[in-house]
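Architecture and fold: a report
Here is what each chain is made of, one letter per residue.
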Amino acid sequence: MYCLAMFLTNQIQEERERERMEKENNNASVEVMSNNQVIYREQVRGSLKETNLEVRTSSERLKADAGLGTIFVKNLYLACDPYNLTIIKYLTHLGSPVTGYGVARVLESGHPNFKKGDLVWGITGWEEYSLITAPETCFKIEHTDVPLSYYTGLLGMPGMTAYAGFFEVCSPKKGETVFISAAAGAVGLLVGQFAKLFGCYVVGSAGSKEKVNLLKNKFGFDDAFNYKEEPDLDAALKRCFPEGIDIYFENVGGKMLDAVLLNMKLHGRITVCGMISQYNLKQPEGIHNLMNLILKRVRMEGFVVSDYCHLYPKFLETVLPQIKEGKIVYTEDMAEGLENGPAALVGVFSGHNVGKQVVMVSRECVSLKCAINGVLMAWRSTR
Ligand SMILES: NC(=O)c1ccc[n+]([C@@H]2O[C@H](COP(=O)([O-])OP(=O)(O)OC[C@H]3O[C@@H](n4cnc5c(N)ncnc54)[C@H](OP(=O)(O)O)[C@@H]3O)[C@@H](O)[C@H]2O)c1
């Protein structure tokens, strides 16, 4: 999954290891600093648990190197993405820090594209300070009049996922009916708002009464239901879509996908973004209703956000004004401090998060405008 990002993450880790060893041998003059880190401690078997991770303090010598093109950063915010589980399970050595998307400030640069003081978002370590060995995978943050943490979600990878998935893969038409699962998650709540602004009829499913209320009353969904309280998902979908579904934005897989297949309209589209209900299972569930793709001529298509990186500038151009005008609203679930990172990440797989789950490593506000906008957006998000 997410081949490009996995490849890059792997590279980062390998290079980072090499860097460390080189530094130990050659750079004894660089000051030793203490670095709080979230370490992959114990192999994940079945579901991710807090005990698989450990917060500890290491002593490190970290320095950017112009020869290797590395950058040395202070991490500010880390994203808790379902994707972190893939990174942990398949790409992280036991004893190494967890990696994932985050927002950071460059303290030293050995790469021509970055300079000291720049703000960036991209793959970094779950630690206070990181040496990023493939900085070309990071995006420089140019717009700082919005809360920087937004670049872990709305203005970062999940936002791009919602944008590319909806506009490029769903092929939406005004007036169509759209169903979104995990609708109160970072991707889902944005897909729903994009679809509403586009002129679709939008329904979402989520795992609590509180989330259903948010979808209907804050994020502007036409309807929503709590899938955990629906004994018959097929009946719930028939109630919300008596004429059927044109577009299903798939985030969960399993039983929900099976029920949706019974309710698709002729020439409907199923955009497969994720299947979070399957990630922690030893044996994935089977799907029984795929025959409906034939008679209803439904197109089912998966996508990976990294294929759409070229659209990022267009995405920002579209979304930044919509945020500032309050046309798109957003909510974050902020865990304060790296020590609360493991619990926050584990919580994503049981729906503890309401909106984007973020870990704040170090708070930073770059301008008065950013602070004012932050307060304004937080106020909007509580209405
Ligand atoms: N294709 C790509 O390039 C790409 C990129 C980013 C994300 N994704 C995928 O998109 C999906 C949504 O990601 P996100 O960032 O929006 O996630 P998120 O904000 O972390 O939210 C995940 C939500 O999924 C729901 N969930 C967890 N376990 C579930 C289960 N067993 N059954 C049903 N729902 C469950 C929970 O909400 P409830 O309370 O509603 O259960 C949870 O809050 C994920 O599947 C992710 O892997 C794909």
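One structure accompanies this document, and this report is about it. Every value quoted in this text rests on a predicted model; they were computed, and no experiment measured them.

Quick look at the site of the ligand now. As a matter of local geometry, the ligand sits amid 32 residues, with Gly185, Val187, Gly207, Gly274 and Gly351 nearest to it. Here the shell around the ligand takes 3 residues from helix H4 (residues 186-198), the largest share from any one element. Considering only residue class, the shell around the ligand consists of 18 nonpolar, 11 polar and 3 charged. Both domain 1 (3-154 + 330-382) and domain 2 (159-306) contribute no fewer than three residues apiece to the shell around the ligand.

Below, the discussion takes up the environment of Phe139. Along the chain, Phe139 turns up in strand S7 (residues 139-140). Classification of Phe139 by C-beta neighbours within 10 Å gives partly exposed; the count is 19. For Phe139 and Val103, which are 36 residues apart along the polypeptide, the C-alpha to C-alpha distance reads 9.6 Å. Those residues within four positions of Phe139 in sequence are excluded, and the remaining contacts are Val120, Trp121, Gly122 and Tyr312.

Turning next to the packing of helix H3 (residues 157-169) against H4. Running from N to C, H3 and H4 cross one another at 45 degrees; their axes reach a closest spacing of 8 Å. One way to sum up the angle between H3 and H4 is to call them oblique. Judged by the twist between their axes, the crossing of H3 over H4 is right-handed. Taking contact as the criterion, the partners of Pro158, Gly159, Thr161, Ala162, Tyr163, Gly165 and Phe166 in H3 are, on H4, Ala186, Val187, Leu190, Val191, Phe194 and Ala195. Among the residues making up the contact of H3 with H4, the classes are represented as 10 nonpolar, 3 polar and no charged.

Rules and cut-offs
Residues numbered from 1 in each chain as written. Predicted model: local features only at pLDDT ≥ 70, side-chain atom pairs only at ≥ 80, totals over all residues. Near = placed C-beta within 6 Å. Helix = DSSP H or I, 4+ residues; strand = E, 2+ residues; numbered from the N terminus. Nonpolar A, V, L, I, M, F, W, Y, C, P; charged D, E, K, R; others polar. Domains from an automatic or database assignment. Buried ≥ 20, exposed ≤ 12 C-beta atoms within 10 Å, placed from the backbone. Contact = placed C-beta atoms within 7 Å. Axes fitted to C-alpha atoms, helices over the stretch in contact; angles between N-to-C directions. Parallel < 35°, antiparallel > 145°, perpendicular 65-115°, else oblique. Left-handed = near helix turned anticlockwise from the far one by under 90°.

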